[in-house]
Amino acid sequence: MSSTRMSSTPWLGRFKPNPRARLRLFCFPYAGGGTVAFRGWAEQLPDDVEVCPVQLPGREHRMREPAFTRIPAIVEAAAESLLPHLLDKPFAFFGHSMGAFISFDLARRLRARHGIAPAGLFVSGCRAPHLKRKRPPTYDLPESEFMNELRSLNGTPRELLDSPDLMRVLLPLLRADFEASETYAYSAGAQLDCPINAFGGTEDPEVERRDIREWCEHTTAAFALKMFPGDHFFLQSARPLLLTALAQQLQQLAAQI
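The structure displayed is predicted, hence computed values, not measured ones.

A look at the overall build of the protein
For step 1, the next point in the chain: Summing up its helical and strand segments, the protein has nine helices and six strands in all.
For step 2, the next point in the chain: The C-alpha radius of gyration of the protein comes to 17 Å, within 12% of the 18 Å expected for a compact globule of 257 residues.
For step 3, the next point in the chain: A burial count over the protein gives 52% of its 257 residues as buried.
For step 4, the next point in the chain: In the protein, the proportion of contacts linking residues at least 24 apart, taken out of those at least 6 apart, comes to 81%.
For step 5, the next point in the chain: Element-wise, carbon and sulfur atoms account for 50% of the exposed surface of the protein, whose accessible area totals about 11900 Å².

Okay, structure coming up:
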């Protein structure tokens, strides 16, 4: 299957084919996020990596589709849609926050159902899946309290938070994504056999270093943890440092293919 055909699926909204690629990197966003979170990554990562931002239902060009409220439903739909693009070239997954849960469960599903696995898993800003959430859920809070939660996380642009009209459109998506993330339930299973690289923010009030380090329990291969300056959205504030570290790890993966 050619890379050009990949752009036809709605799950790959900002995909740019890279005919020189030896490895595809599928990027899964945080709650409320979209492919814009990974804009410009292709130019900052190795030339032989094809960056494939995953566009979930309910946002961007898929605004008219209802957003999922459970991780298993996202994984099932993503597996069906993305499977044809995982068979002809080695691939890796990157997921931030909610996206880490999605990429982890998707990797396990692909192994169990199709006998394929990513060359590497990159999890960012997320506690290990077997750990319980420490805080009570927020997705069903009254609107004013939910808005305060969004402000405290520092991930939603202030111009959006200050616009009642825009927030009226975005709140259902944000609540759906928060529900999916906050109701995530881990199911025990065999460890993955691909390396896991875990990233975290040194000032993240949501996820502590020790919670990220626990990802080491989910692979029989190599594990590495790297912390970056910033809060839960170091993905944005420490982007140059993150992409430099990610590029180094991807180069290593590509060299082993």
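Regarding the pattern of salt bridges
For step 1, the next point in the chain: Under the defined criterion, the tally for this structure stands at 13 salt bridges.
For step 2, the next point in the chain: In this structure, Asp-177 engages Arg-59 in a salt bridge whose closest nitrogen and oxygen atoms are separated by 2.7 Å. With Asp-177 in helix H6 (residues 164-182) and Arg-59 in the loop between strand S2 (49-53) and helix H2 (71-82), this residue pair connects regions lying 118 residues apart in the sequence.
For step 3, the next point in the chain: Judged by relative accessible area, Arg-59 falls into the buried class, the value being 4%.
For step 4, the next point in the chain: In this structure, Asp-211 engages Lys-134 in a salt bridge whose closest nitrogen and oxygen atoms are separated by 2.9 Å. Here Lys-134 lies in the loop between strand S4 (120-124) and helix H4 (143-153) and Asp-211 lies in helix H7 (residues 209-213), a separation of 77 residues in the sequence.
For step 5, the next point in the chain: On the basis of relative accessible area, Asp-211 is assigned to the buried category, the value being 9%.
For step 6, the next point in the chain: In the salt-bridge network here, residues are joined through shared partners; they are Lys-134, Glu-208, Arg-210 and Asp-211.

What to know about helix H3 (residues 98-114)
For step 1, the next point in the chain: Between its first and last C-alpha atoms H3 spans 24 Å; for 17 residues at 1.5 Å apiece the expected length is 24 Å, and the two agree.
For step 2, the next point in the chain: Along H3, 12 of the 17 residues are buried, which leaves the element largely enclosed by surrounding structure.
For step 3, the next point in the chain: Those residues of H3 that sit buried are Met-98, Gly-99, Ala-100, Phe-101, Ile-102, Ser-103, Phe-104, Asp-105, Leu-106, Ala-107, Arg-108 and Leu-110.
For step 4, the next point in the chain: Where H3 is buried, its residues touch strand S1 (23-28), H2, strand S3 (91-96), S4 and H6.

Some points on the side chain of His-96
For step 1, the next point in the chain: Here His-96 lies in strand S3.
For step 2, the next point in the chain: Overall, His-96 belongs to the buried group, its relative accessible area being 0%.
For step 3, the next point in the chain: What His-96 contacts, discounting residues up to four positions off in sequence, is Phe-28, Pro-29, Tyr-30, Ser-124, Gly-125, His-232, Phe-234 and Leu-235.

Quick look at the nonpolar core
For step 1, the next point in the chain: The biggest cluster of nonpolar side chains holds 78 residues, and the ones touching the most others in it are Leu-25, Phe-26, Trp-41, Phe-93, Phe-94, Trp-215 and Leu-246.
For step 2, the next point in the chain: Those residues in contact with Leu-25, other than ones at most four positions away along the chain, are Leu-45, Val-49, Glu-50, Val-51, Cys-52, Ala-92, Phe-93, Phe-94, Phe-122, Leu-246 and Leu-250.

Rules and cut-offs
- Residues numbered from 1 in each chain as written.
- Predicted model: local features only at pLDDT ≥ 70, side-chain atom pairs only at ≥ 80, totals over all residues.
- Heavy atoms only, no water.
- Helix = DSSP H or I, 4+ residues; strand = E, 2+ residues; numbered from the N terminus.
- Rg over C-alpha atoms; globule rule 2.2 N^0.38 Å.
- Buried < 20%, exposed > 50% of the residue type's maximum accessible area, 1.4 Å probe, protein only.
- Contact = heavy atoms within 4.5 Å.
- Areas by Shrake-Rupley, 256 points an atom, 1.4 Å probe, with all protein chains shown as cover.
- Salt bridge = Lys/Arg side-chain N within 4 Å of Asp/Glu carboxyl O.
- Expected span 1.5 Å × (residues − 1).
- Core = buried A, V, L, I, M, F, W, Y, C linked by side-chain atoms within 4.5 Å.

Function-wise, these values are silent; they only describe arrangement.
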